[in-house]
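Geometric and topological summary
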Amino acid sequence: MKKITTTEALADFCKEAAKRPYVTVDTEFLRERTYYSKLCLVQLAYQDENGEDAVLVDPLADGLSLEPLYDLYRDVGVVKVFHAARQDLEIFFVDAGVIPEPLFDTQVAAMVCGFGEQVGYETLVRKIAKSDLDKSSRFTDWSRRPLTDAQAKYALADVTHLRDIYEFLSAQLDKSGRKKWVAEEMAVLKDPATYQADPDAAWKRVKTRTQSGRFLAIVRELARFREIYAQERNIPRSRVYKDDALVELASTKPQNEADLGRSRLLLREARRGDIAQGILKAVQDGVNVKPEDMPTVVNPRAKLQVNPALADMLRVLLKAKTDQEGVAQKLVATSADLDALAGGERDVPALKGWRREVFGHEALRMCDGLVGLAVKGQKVVTVTL
């Protein structure tokens, strides 16, 4: 079991990995006590003529730099293979502004290949690699050293089985001609905007029942302050104040620390000091926002006149087409997409790119008044709406 604790050793491994067509990657991290994920371990593996070379890279080791790994990420001659890559990629983007290229996510590929909705790694290991995972170290503190043998074995399994999964799915995609489908899905994962938390947009994640412009202006300012405070100190948002407390503050509009002391939901630590002052300023800033600068919740689909019968028929069509094509329904269209289509909306993902080939053409035909539902081995049924 090879462990890398120096930059030199990492550089040597990455130099060898750069000679291979692909390298499998996984990470272990903690995020319960921080805003940004704390990277605790990087697992890497590649296949060569002597078998598989798999290593555990310890980013917590004194003096170790991940720059050799980032150089490998920038090497377009080597495919970087992950499973459910989003959180892993966020770590590397936040640390160094690097997104691996080219990128292959086996979870996305498995959805394209008919393994279901957001299929888990354990399922793919069982179905493709014909093996079982030791789950005893799944919930563990990866920041503690030294790692136990069980932890190391568990971590390495996340990249050793990934080789078999990647080769199987890649072959399936070559056979079906669907590699371009996966490539289109990778665009979101490779977009830097996916990993950039904008304080000015943080309010949009807060669920509220009130749509008043003034109320939303205060929510916006409170959410912005919380986001900036949490980012600067690398602590979870909930450690500043939770969403329910934020909504309460926007409703009660406290003017001083005495008002904060009467809050039912605000943490004790937030009722004084820097957080308290930040809250009071945010509330006042929200109160002072000019009417023309108040935020609004824009839902262009809210006013759509959805035809329920058409929406139901689109759901039947989606299931039939995805079953026929062997692709996950969720990857093609969501329930919201179908309702939008049934309400006359045409700017939806289900009508774009590869989805249009699988579902969009038939969906548009249905929406225009005819249903052309071809079921393998059965007669085509045409229904006039």
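If you're wondering where the values come from, they're calculated on a predicted model, not measured in any experiment. (Residues numbered from 1 in each chain as written. Predicted model: local features only at pLDDT ≥ 70, side-chain atom pairs only at ≥ 80, totals over all residues. Heavy atoms only, no water.)

Description of the layout of surface pockets
For the record, the criterion: The way it works is a 1 Å grid over only the protein atoms, where trapped points that fit a 1.4 Å probe form a cavity and open points with protein on both sides within 12 Å along at least five of seven lines form a pocket, and then any residue with an atom within 4 Å of a point lines it. Grid points are joined across faces, edges and corners, and a volume is the space filled by probe spheres set on the points. A helix here means a DSSP run of H or I that spans at least four residues, while a strand means a run of E at least two residues long, and both kinds are numbered starting from the N terminus.
Reported here for the largest pocket is a volume of approximately 720 Å³. Lining the largest pocket are 23 residues; nearest its centre among them are D26, T27, E28, Y154 and D158. Looking at the lining of the largest pocket, the elements that each hand over two or more residues are β2 (22-30), α3 (86-96), α5 (121-127) and α6 (149-176). Per-element tally for the lining of the largest pocket: the top contributor is β2, with five residues.

Section: the packing of aromatic side chains
The condition that has to hold: Two rings from Phe, Tyr or Trp (for Trp, the six-membered ring) form a pair when their centres are within 6.5 Å of each other. A pair whose planes differ by under 30 degrees is stacked, one over 60 is edge-to-face, and the rest are tilted. For every residue, the accessible area (1.4 Å probe, protein chains only) is compared with the maximum for its type, and the residue is labelled buried under 20%, exposed over 50%, or partly exposed between those bounds.
Across all of its chains, the model carries 13 aromatic pairs by this definition. For the pair Y73 and F92, a centre-to-centre distance of 5.1 Å together with 70° between the ring planes defines the contact as edge-to-face. Of this pair, Y73 sits in helix α2 (residues 67-74) while F92 sits in helix α3; the two residues are 19 residues apart in sequence, bridging distant segments of the chain. The pair Y73 / F92 is uniform in exposure class, with both members buried. The interplanar angle of 25° and the centroid separation of 6.0 Å between the aromatic rings of W142 and Y154 together place this pair among those described as stacked. Taken together, the residues W142 in the loop between α5 and α6 and Y154 in helix α6 connect sequence positions twelve residues apart.

A few points about the packing of helix α1 (residues 7-17) against α2
Selection criterion: For helices, the axis comes from a line fit to the C-alpha atoms of the stretch in contact; other axes are also lines fit to C-alpha atoms, and the angle between any two N-to-C directions lies between 0 and 180 degrees. For classification purposes, angles smaller than 35 degrees are called roughly parallel, those larger than 145 roughly antiparallel, those between 65 and 115 roughly perpendicular, and all remaining angles oblique. In this scheme, a crossing is called left-handed if the near helix is turned counterclockwise away from the far one by less than a right angle; it is called right-handed if the turn is clockwise. For this analysis, residues touch if any pair of their heavy atoms sits within 4.5 Å.
For the pair α1 and α2, interaxial distance at closest approach is 8 Å and the crossing angle is 20°. With respect to their mutual orientation, α1 and α2 come out roughly parallel. The interaxial crossing formed by α1 with α2 has right-handed handedness. Contacts between α1 and α2 pair T7, L10, A11, C14 and A17 from the former with P68, L69 and L72 from the latter.

Description of the pairing of strand β5 (residues 79-82)
Basically, it comes down to this: In this analysis, strands are considered paired if DSSP registers two or more bridges between them. Look down the strands so they point away from you; if going from the first strand over the helix to the second traces a clockwise path, that crossover is right-handed.
With burial as the criterion, each face of β5 is covered, one bearing V79 and V81 and the other bearing K80 and F82. Note: β2 against β5, three bridges, orientation parallel. By the bridge assignment for β5, T24 is matched with V81. In this structure, β5 lies alongside strand β6 (residues 103-105), joined through three bridges in parallel fashion. Considered in β6, the bridge of V81 is made with F104. Where the polypeptide runs from β5 across α3 and back to β6, its parallel neighbour, the crossover connection is right-handed.

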